[in-house]
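Below are the chains, spelled out letter by letter.
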Amino acid sequence: MKSAVETLNPTRVRLTVEVPFEELKDSLDAAYKKINQQVTVKGFRKGKIPARVIDQRFGRGAVLEEAVNDALPKFYTDAVNEAELNPLGQPEVDITELKDGETLNFTAEVDVRPTVEIPDYSGIEVEVDAVDVSDEDVEKSVEQLRERFASTSPVERAAADGDVVTLDLKAKVDGEVLEDGVADGVSYTIGSGELLEGIDDAVKGLEAGGEATFTSELKGGSAAGKEAEVTVKVSQVAARELPELDDDFAQLASEFDTLEELRADSRKRLANMKQYDQATQAQERVLDKLLDLVEVPVPEKLLEDEINTRKHNLEHHQLGQMGLDLEKYLELQGKTAEEFETETREAAVKGIKTQFVLDELVKQEKLNVSQEELTEHLMRRAASSGMSPDQFAQAVVEQGQVPLLVGEVARGKALAAVVEKATVKDTNGEIVDLDDEEDEETEAAEAAAESTESGDEKAEEKTEG
């Protein structure tokens, strides 16, 4: 077999492959064997039909077609390996010549990873938010905890802001009650904004047994996005009572004996959260600066596939779970279809560029992923998916996604290495030493690498498969 490579552009090549006919022998034998099992010829036992009879009865062309289809993947892979290419996705194959007994010639066009030159990135400087926990932040956190321990008691008066009311709801669209538009015994806190728009004004002032009708746009269900006439009946009004902010509350709501200890713990937790946010900001802003330094051509076919994947996931998974379609989502976001298209394309381009650049850094810095690092990453991913580590690990193995997770960890380490050499200052002008926040930095780096994940890796897995 002989092959040659022609570079069509920085991200696409054409392979020209010439295969001597004798190299098709194994595939021809397999083709005759396969056809033997599929057909019957009078006078011959199944599976024992001579090749010349198959040629006469079914045509030599059918055998050649079967043999070529069987052999092409191997010859293509051999040509790719010989040329040391990194293909992305499936090739477009064209058989240019097939002469029985002489030769098989074909071309294969395929997207390839572009060559990425990483310049010196040690001079990158970014600014992040300062870690500043105010007394107001602490009090807000304690107050939120206090809200969780509020109790309710029925009252015989009109409902007011902050009360918890028990409601029966019935929604009509075009005069017809919806099958999924009836709900009884719904508990709702007035002013929380957790139900329908307009419901607060409708129920305020009603006592138990009171009823009101209002118009509102449905947020979910079979008639999501439509205007509905909603009838609401109050069956109970209950006042919320907050516990006193004292040591007894601290003992009730936490493992601490005093309110001051609880406040101190809240301050520490808020500081930890802000440190994580700070590390995440550093990763994202360093990544943006790094991408600005590197020229990365993006394969058009890969980009279109990535855009379509992002749209599909949004429409059929995220929005579907919320009972929204794309049109309604854009309306709620205040975006036009053109703005959405532009943002999706920009995000896809960034995702692909990020993966190319970080993968090149992994190779350049000779970064490896240990079993311990992979296990820690797997456990974090499991927690975010709502699955147990064992369930998540099993799913990853069954779906052949272990290389994907290894890639995420490696890219996270590459980005962390860039951040380590960057100068990071907070809004107060102070140098931020992310070495003191190693755990937060590692998690943030992997999250940054994962959040910009492109379809490139899936394409490679298909090709390898």
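Residues numbered from 1 in each chain as written. Predicted model: local features only at pLDDT ≥ 70, side-chain atom pairs only at ≥ 80, totals over all residues. Heavy atoms only, no water.

The next subject is the side chain of Asn-105. Locating Asn-105 in the fold gives a position in strand E4 (residues 103-112). At 3.2 Å, the side chain of Asn-105 and the side chain of Thr-103 are in polar contact. Ignoring any residue separated from it by four or fewer positions in sequence, one finds Asn-105 in contact with Val-17, Glu-18, Val-19, Ile-95, Thr-96 and Glu-97. (Helix = DSSP H or I, 4+ residues; strand = E, 2+ residues; numbered from the N terminus. Polar contact = N/O pair within 3.5 Å; in protein donor to acceptor, adjacent residues only side chain to side chain. Contact = heavy atoms within 4.5 Å.)

Under the definition given, this model contains 1 aromatic pair. The interplanar angle of 90° and the centroid separation of 6.2 Å between the aromatic rings of Phe-149 and Phe-249 together place this pair among those described as edge-to-face. Taken together, the residues Phe-149 in the loop between helix H4 (135-148) and strand E6 (151-154) and Phe-249 in helix H6 (residues 247-253) connect sequence positions 100 residues apart. Look at Phe-149 and you get partly exposed, because its relative accessible area is 29%. (Phe/Tyr/Trp six-rings, centres within 6.5 Å; stacked < 30°, edge-to-face > 60°. Buried < 20%, exposed > 50% of the residue type's maximum accessible area, 1.4 Å probe, protein only.)

One non-glycine residue, Asp-174, adopts positive backbone phi at about 55°. With respect to the secondary-structure elements, Asp-174 resides in the loop between strand E7 (164-173) and strand E8 (176-189). Given a relative accessible area of 77%, Asp-174 falls into the exposed group. Of note in this structure, Lys-366 is not a glycine but carries a positive phi near 55°.

Together, Asp-247, Asp-248, Asp-257 and Glu-261 make up a region of like negative charge exposed at the surface. With respect to the helices, strands and loops of the structure, Glu-261 is situated in helix H7 (residues 259-293). (Patch = residues over 30% accessible without salt bridge, like charges linked within 9 Å, V, L, I, M, F, W, Y side chains within 5 Å. Areas by Shrake-Rupley, 256 points an atom, 1.4 Å probe, with all protein chains shown as cover. Salt bridge = Lys/Arg side-chain N within 4 Å of Asp/Glu carboxyl O. Lys, Arg positive; Asp, Glu negative; His and termini not counted. Charge placed at Lys NZ, Arg CZ, Asp CG, Glu CD.)

According to UniProt, the feature "domain: PPIase FKBP-type" (unreviewed entry) maps to residues 162-215 in the numbering used here. Taken end to end, residues 162-215 is 9% helix and 54% strand, and its two terminal C-alpha atoms sit 22 Å from one another. (UniProt positions renumbered as here; feature names shortened; annotations may be inferred.)

Here we take up the layout of surface pockets. Rolled over the atoms, a probe with the dimensions of a water molecule shows which regions are left empty. Here the second largest pocket is characterised by a volume of approximately 600 Å³. Asn-86, Arg-113, Asp-359, Glu-360 and Lys-363 are, among the 26 residues lining the second largest pocket, the residues nearest its centre. Among the elements of the structure, strand E1 (2-9), strand E2 (12-20), helix H10 (337-364) and helix H13 (402-421) are those that each provide at least two residues to the lining of the second largest pocket. Tallying contributions element by element places H10 first for the lining of the second largest pocket, with 5 residues. Looking at the lining of the second largest pocket residue by residue, the classes come out as 13 nonpolar, 6 polar and 7 charged. For the lining of the second largest pocket, the two domains that each supply at least three residues are domain 1 (2-111) and domain 3 (302-458). (1 Å grid on protein atoms, 1.4 Å probe; cavity = no way out; pocket = protein on both sides within 12 Å on 5 of 7 lines; lining within 4 Å. Points joined across faces, edges and corners; volume = space filled by probe spheres on them. Nonpolar A, V, L, I, M, F, W, Y, C, P; charged D, E, K, R; others polar. Domains from an automatic or database assignment.)

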